[in-house]
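An overview of the molecular structure
For reference, the chains in residue letters:
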Amino acid sequence: MQQSRWHKYQSPCHDELMHTDGKPRQAAAELTAWLDTLDDQALSERRQAAELAIQQMGITFTVYSEKGNIDREWPFDIVPRVIDATEWWAIEKGLKQRIRALNCFIHDLYNEQKILNDGIVPRDLIDSSVNFRPECVGMKPPHNVWAHICGSDLVRDSNGKMYVLEDNLRVPSGVSYMIENREIMKRTLPELFSRCRVLPVDNYTNDLRTMLASLSPERSPTICVLTPGVYNSAYFEHAFLAQEIGAELVEGRDLVVENDTVYMRDVNGLIKVDVLYRRVDDAFIDPECFNPESTLGVRGLMRAWRAGNVAIANAPGAGVADDKVVYSYVPDIIRYYLNEEPTLANVPTYRCDDTEACEYVLSNLDKLVVKPANESGGYGMLIGPHSTPEQQREMAECIKADPRNYIAQPTLAISTSPTLSDSNEPDDQTSAGMAARHVDLRPFVLQGEEVTVTTGGLTRVALIPGSLVVNSSQGGGSKDTWIVDSRTAAPPDQRYDTEEPGSASGTVQQSQRQE
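Below you will find a few notes about this structure.

What counts, and where the lines are drawn
- Residues numbered from 1 in each chain as written.
- Predicted model: local features only at pLDDT ≥ 70, side-chain atom pairs only at ≥ 80, totals over all residues.
- Heavy atoms only, no water.
- Helix = DSSP H or I, 4+ residues; strand = E, 2+ residues; numbered from the N terminus.
- Rg over C-alpha atoms; globule rule 2.2 N^0.38 Å.
- Buried < 20%, exposed > 50% of the residue type's maximum accessible area, 1.4 Å probe, protein only.
- Contact = heavy atoms within 4.5 Å.
- Areas by Shrake-Rupley, 256 points an atom, 1.4 Å probe, with all protein chains shown as cover.
- Lys, Arg positive; Asp, Glu negative; His and termini not counted.
- Charge placed at Lys NZ, Arg CZ, Asp CG, Glu CD.
- Disulfide = S-S within 2.5 Å.
- Expected span 1.5 Å × (residues − 1).
- Arc of directions from axis to C-beta.
- Pairing = 2+ DSSP bridges.
- Axes fitted to C-alpha atoms, helices over the stretch in contact; angles between N-to-C directions.

1. Some thoughts on the overall build of the protein chain
If you tally the helices and strands in the protein chain, you get 14 helices and 23 strands. Its C-alpha atoms give the protein chain a radius of gyration of 23 Å, within 12% of the compact-globule value 24 Å for 515 residues. Along the first, second and third principal axes, the C-alpha set of the protein chain runs to 75 × 60 × 50 Å. The 515 residues of the protein chain split such that 56% are buried. Here the analysis covers contacts within the protein chain between residues at least 6 apart in sequence; of these, 69% occur between residues at least 24 apart. Per element, the accessible surface of the protein chain, about 21600 Å² overall, is 46% carbon and sulfur. If you average the places of the 50 positive and of the 75 negative side-chain charges in the protein chain, the two averages end up 2 Å apart.

2. A look at the side chain of T416
You can see T416 is positioned in strand β18 (residues 416–420). For T416, a relative accessible area of 0% gives the class buried. Beyond its immediate sequence surroundings of up to four residues, T416 is in contact with Y9, S11, P12, C13, H14, D15, E16, A436, R437, H438 and V439.

3. Comments concerning the state of the cysteines
In this structure the tally under the stated criterion is zero disulfides. Between C398, a free cysteine, and C352, which holds the nearest cysteine sulfur, the sulfur-to-sulfur gap is 11 Å. According to the relative accessible area criterion, C398 is partly exposed, its value standing at 35%.

4. Brief notes about helix α14 (residues 389–401)
Each full turn of the α-helix corresponds to 3.6 residues, which orients residues three or four apart in the same direction. Taking 1.5 Å of rise per residue, 13 residues should cover 18 Å, and α14 covers 19 Å from first to last C-alpha, within 8% of that figure. Three or more residues of α14 are buried, namely Q392, M395, A396 and I399. The buried side chains of α14 occupy one side of the element, clustering within an arc of 105° when seen end-on. Seen from the open side of α14, the exposed residues pointing more than 90 degrees away from its buried face are E397 and A401. Those residues of α14 hidden inside the fold are in contact with α13 (355–363), β15 (368–372), β16 (382–383) and β17 (406–410).

5. Section: the sheet that holds strand β10 (residues 269–272)
Spatial strand order, β8-β9-β10: three strands in an open sheet with antiparallel pairing. Because the sheet does not close on itself, it has two edges, and the strands there are β8 (255–258) and β10. With direction set aside, neighbouring strand axes in the sheet form an average angle of 45°. Note that strand β9 (residues 261–266) and β10 share four bridges and pair antiparallel.

6. A look at helix α6 (residues 175–188)
Taking 1.5 Å per residue, 14 residues should reach 20 Å; α6 reaches 20 Å between its end C-alpha atoms and fits that length. Counting buried positions along α6 yields 13 of 14 residues, so the element is predominantly enclosed.

By themselves, these are just geometric observations and shouldn't be taken as functional.
Written as structure tokens, this is what we have:
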């Protein structure tokens, strides 16, 4: 009889699938039992099938380097990350609370600034923000919503508690990979979907289309996705989403502004654009208003937006809340605007613009994670326990030169999930081809007329042994995220994902609760 592949599996911290005694968590019981029926060769064949599916589906991402842009196939692990649906619905509630408060905050900053006048958030924090756009002051976008799409990064600590690590409110990416990960799983491990009650994810594109349409008074608005072009690292996603929501994929050169109205150039003339889902940073969307040398945006776009003739998602200026120093105030922001206690906790954060906190950070760089306020993709940060004395000295100089631009957090022992590894890989957590690898989770939240949350999100995994860096540009990969209904008796109208690629069995009522 084949020995269980889990008998030696160990994680240095909380594991998403397995308890410390080697038994599976309830929601992962069917998955782990089924994986035990496959030997290492069968698992390797399934992984090869996944790699072939990725090639056939053309799923790529771009890595920027000194040698130029490199297109790479999407790094994917076939062992899904599992979260119990009951826990997920509580997380979903917290994500909805968070985006509602953040949009109240952004709208207030560009209008009455009550939160600054009341001293809840320091005025000099906003005055020094590189993402506060004076050009947006006085604007009242549809529904008073500025951040229509938010990707919040969640991590779980060694005690199993889920934290929000950061909020991505400018041009959050990754949702297409979440959807495609599910398609890969249906091609690679289709039989599991009849054994496990997995909630579907492909309702996101319908929700996205509905949300974008709600920003326009037109009954059938013309929606465009504005991309920087084929050389952008997320171009695959731009093209994927445009196709899925029935929008036109455009570059700045395809658009023109006349009489404060945005038009798309077409062989038959100009077509009025009602909603622009932009995947271009603020600084480059309008050379008339921001960077005069930008060729990625549309001259006059801000005039058209301010005139109310086009809706832009995410709205210009929304990035003021996508600041890791502002992040530290989000619990207070929730209490101030919603009069509620935060459902999801922040990771404890030291603000380096505070003298006492800065002294502590500089004395403990070897123990802390230090991040610049406005970088993304894992760039510019220091992971203290994995850093060299030279790197710590360099970070200390950066902090002293610009303390406002840095925050620090304790190094969390973030949770792991079993990941396929090569048998010759030196790793203490390897057992029968499975290794414990650290993971995070990026759910996507939409707010327009309603608020919706993806069922789960994009699980990113640090494929390098011992690494905490999950970003694909720095050696990370991804997993399918399964929200599994482990209740003994589910309601009769509860629907689950099926094994057939390209379709789910229907809308999931609980995951689509709207506010």
